[in-house]
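Analysis of the macromolecular model
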Amino acid sequence: QPAAPAQPPARAYDLLRDLWGYGSFRWRQGEIVAQLAAGGDALVLMPTGGGKSLCYQLPSLLRPGVGVVVSPLIALMQDQVDTLRQLGIRAAFLNSSLSAEGVREVEAALRAGELDLLYVAPERLLMEGTLRLLAGVEVALFAIDEAHCVSQWGHDFRPEYQGLGVLAERFPGVPRIALTATADDRTRADMVSVLGLEGAPQFVASFDRPNIQYRIAGKDNAKRQLLEFIRTEHAGDAGIVYCLSRKSVEDTAQFLSDSGVPALAYHAGLDHAQRQEAQARFLREEGLVVVATVAFGMGIDKPDVRFVAHLDLPKSMEGYYQETGRAGRDGEPSTAWMVYGLGDVVNLRRMLAGSAAPEWVRRIEGAKLDALLAYCETTACRRESLLAYFGEAYQGPCGNCDNCISPPQVREMTREAQMALSAAVRTGNRYGAAHLTDVLLGRDTDKVRQWGHHTLPTFGVGAEHDERTWRGVLRQMVSLGYLEAGEHYGLSATPKSRELLKGEVPFLLREEVLQPRRKTASKAR
Ligand code: ADP
Ligand code: ZN
């Protein structure tokens, strides 16, 4: 591809000022606009809120013809088109929400050359009729928004996105720009190959969100921990709390309300009107906490969300980044707070083990879960680990994550990990964490008696530690893949555990789990 000028044409600055009312380009927007305006392609990786839209909207106006924007977010098209029309830009959309009459009107406007921008859902664009229609008009550029949807590695793979490779074949002279807020290497490679962007320059922004403080703690009593967190640090603030199930969403919302924190529940079980109402209230009211399943947040642009709390683990680092990224869009200090425990880790591992998905899907999901759990257990700077996952070299300490603020003490507990492995193996690799803990602590329970586990050499070898420490050890062992959770929650030693048994690698436990429970008023008896 020919090298594009580094500066966009003068008219770009006029439009920026006169239409959008912005004083200058942000980050490398100017270069991207110049690249497209000169007829080149581009791949743009920028976090949400970075200003991706301008990168294709402005060049669409600079070039003759209509800019065609492919987006999977049908629900947002109307809003985007309305906003553009208010700026005086001739915009329209084509998707399944339009009536036949509506479609005819948009198509007529397109043929008459009366559109600057056309938003279209991928399945609509790929219809032969639409492709032919576009072949008959002048197209300024194709913008493929949410381009990570082409990748099976991405967190919201959409098969229809894979068909977008035809754009390169059928419209060879039309510039293409792919945009996403997901940046890991594999997704990026997929976008390049599927969309035919091999020669295109890549504009990769930093994904760091310096105003977000990342914190992760062991789960004790999640709801109480959440309440204490909100009361001590975010009283009166707007926030989002993510839970995995509808039931825990409802329980948690109720619990917060009962405790004097204004909260409402949001999940897929609510009807459309109820969900709209919840979103509207969240945007309108101050200091409201929404307790939600992951369904909540897509396309919600509330700048002053002061915290995002996870009471259950997200599915992947991508999910974590996206969900926590809804905090602090205004750049003010915000908190990404999460608690997780042995039960969560076991559950996720179990779900994966019992999944009916094809082998390759499970492998990808397993690798993603490993990455997430390693992030949770890390004693290094969280920001550094998070950004490293997205391929960004960042040197901690950042000074704004739990590990940097109060560096966790690590204690070598290789011997303890070996004891735990021995307990699992000697009891037949089929008991859950609670029973293994009983065996390690030497507790004379009915189950221990029933199976004769009090006669094992491992019985009671771990009595010098308390139950909480053992749960921490087991959690970290499951997280790091030394123990594996089977279908009935039973923990079994993995092949990887041999390196621990042989003493080839040390087992380092975060000090946090070694500390005694913090005493709270309600627990004092
Ligand atoms: P993204 O699509 O990357 O999430 P948007 O395109 O929606 O981001 O832009 C995020 C916000 O940044 C919007 O409110 C937009 O108006 C604003 N913005 C974008 N570019 C500029 C700019 N050059 N100057 C000022 N504000 C901008
Ligand atoms: Zn840090």
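Use the structure listed above.
The structure presented is a predicted model; accordingly, all values stated were derived computationally and were not measured.

**Some points on the coordination of the zinc ion (ligand 2)**
For the zinc ion (ligand 2), the full set of protein donor atoms is Cys 381 (SG), Cys 398 (SG), Cys 401 (SG) and Cys 404 (SG), at a range of 2.3 to 2.4 Å. Around the zinc ion (ligand 2) sit four donor atoms, and with donor-metal-donor angles ranging over 100 to 121 degrees the site reads as tetrahedral. For the zinc ion (ligand 2), the donor residues sit on a single chain with the sequence spacing C-x16-C-x2-C-x2-C.

**Section: the site of ligand 1**
In the vicinity of ligand 1, the residues found are Tyr 22, Ser 24, Phe 25, Arg 26, Gln 29, Pro 47, Thr 48, Gly 49, Gly 50, Gly 51, Lys 52 and Ser 53. At 2.3 Å from an oxygen atom of ligand 1 is found a side-chain nitrogen or oxygen belonging to Tyr 22. Against a free-state accessible area of 570 Å², the protein chains account for coverage of 68% of ligand 1. Among the residues making up the shell around ligand 1, the classes are represented as three nonpolar, seven polar and two charged.

**Observations regarding the pattern of salt bridges**
Applying the stated criterion across every chain yields a total of 30 salt bridges. Between Asp 116 and Arg 90 there is a salt bridge whose closest N-O contact spans 3.0 Å. Taken as a pair, Asp 116 in the loop between helix H5 (100-111) and strand E4 (117-120) and Arg 90 in the loop between helix H4 (74-86) and strand E3 (91-94) lie far apart in primary sequence, 26 residues in all. Here Arg 90 falls in the partly exposed class, since its relative accessible area comes to 41%. The structure contains a network of salt bridges with shared partners spanning Asp 14, Arg 17 and Asp 18.

**So, the sheet that holds strand E1 (residues 42-45)**
Read from one edge to the other, the open sheet built from seven strands follows the order E3-E4-E2-E5-E6-E1-E7, with strand pairing classed as parallel. One side of each edge strand has no neighbouring strand; the edge strands of this open sheet are E3 and strand E7 (202-204). Each strand axis lies, on average, 20 degrees off the axis of its neighbour in the sheet, ignoring direction. Pairing of E1 with strand E6 (residues 176-180), which is carried by four bridges, proceeds in the parallel orientation.

**Concerning the sheet that holds strand E12 (residues 307-310)**
Here six strands make up an open sheet; going across it, the order is E8-E13-E12-E9-E11-E10 and the pairing parallel. Each edge of the sheet is formed by a strand with only one pairing partner; in this case those strands are strand E8 (212-218) and strand E10 (263-266). Ignoring which end each strand starts from, the neighbouring axes of this sheet average 15 degrees apart. Direction of pairing for E8 relative to strand E13 (residues 334-340): parallel, over a ladder of seven bridges. Bridge pairing in E13 links Tyr 214 to Ala 336.

**Remarks on the packing of aromatic side chains**
Under the defined criterion, the tally for this structure stands at 12 aromatic pairs. Relative to Tyr 320, the ring of Tyr 214 has its centre 6.3 Å away and its plane inclined at 40 degrees; by these criteria the two rings are tilted. You can see Tyr 214 sitting in strand E8 and its partner Tyr 320 sitting in helix H14 (residues 317-324), a full 106 residues away along the chain. The exposure classification of Tyr 214 matches that of Tyr 320, with both residues buried. Summarising the aromatic geometry, the rings of Tyr 482 and Phe 507 are spaced 6.4 Å apart at their centres and angled 65 degrees between planes, so their arrangement reads as edge-to-face. Note that Tyr 482 is positioned in the loop between helix H22 (467-479) and strand E15 (483-485) and Phe 507 in the loop between helix H23 (497-501) and strand E17 (508-510), a separation of 25 residues in sequence. Relative accessible area serves as the criterion here: at 6%, Tyr 482 is assigned to the buried category. Aromatic rings pair up to connect Phe 207, Tyr 321, Tyr 389 and Phe 390 into one cluster. Directly above the aromatic system of Trp 451 lies the positively charged group of Arg 430, at a separation of 5.3 Å from the ring centroid.

What counts and what doesn't
Residues numbered from 1 in each chain as written. Chains lettered and ligands numbered in written order. Predicted model: local features only at pLDDT ≥ 70, side-chain atom pairs only at ≥ 80, totals over all residues. Heavy atoms only, no water. Donors = N, O, S within 2.8 Å, 3.2 Å for Na, K, Ca; no water. Tetrahedral: all angles 85-135°; square planar, octahedral: opposite > 155°, others 65-115°. Near = heavy atom within 4 Å. Polar contact = N/O pair within 3.5 Å; in protein donor to acceptor, adjacent residues only side chain to side chain. Areas by Shrake-Rupley, 256 points an atom, 1.4 Å probe, with all protein chains shown as cover. Nonpolar A, V, L, I, M, F, W, Y, C, P; charged D, E, K, R; others polar. Salt bridge = Lys/Arg side-chain N within 4 Å of Asp/Glu carboxyl O. Helix = DSSP H or I, 4+ residues; strand = E, 2+ residues; numbered from the N terminus. Buried < 20%, exposed > 50% of the residue type's maximum accessible area, 1.4 Å probe, protein only. Pairing = 2+ DSSP bridges. Axes fitted to C-alpha atoms, helices over the stretch in contact; angles between N-to-C directions. Phe/Tyr/Trp six-rings, centres within 6.5 Å; stacked < 30°, edge-to-face > 60°. Lys NZ or Arg CZ within 6 Å of the ring centre and 35° of its normal.

Everything listed is a geometric property; what it means functionally is a separate question.
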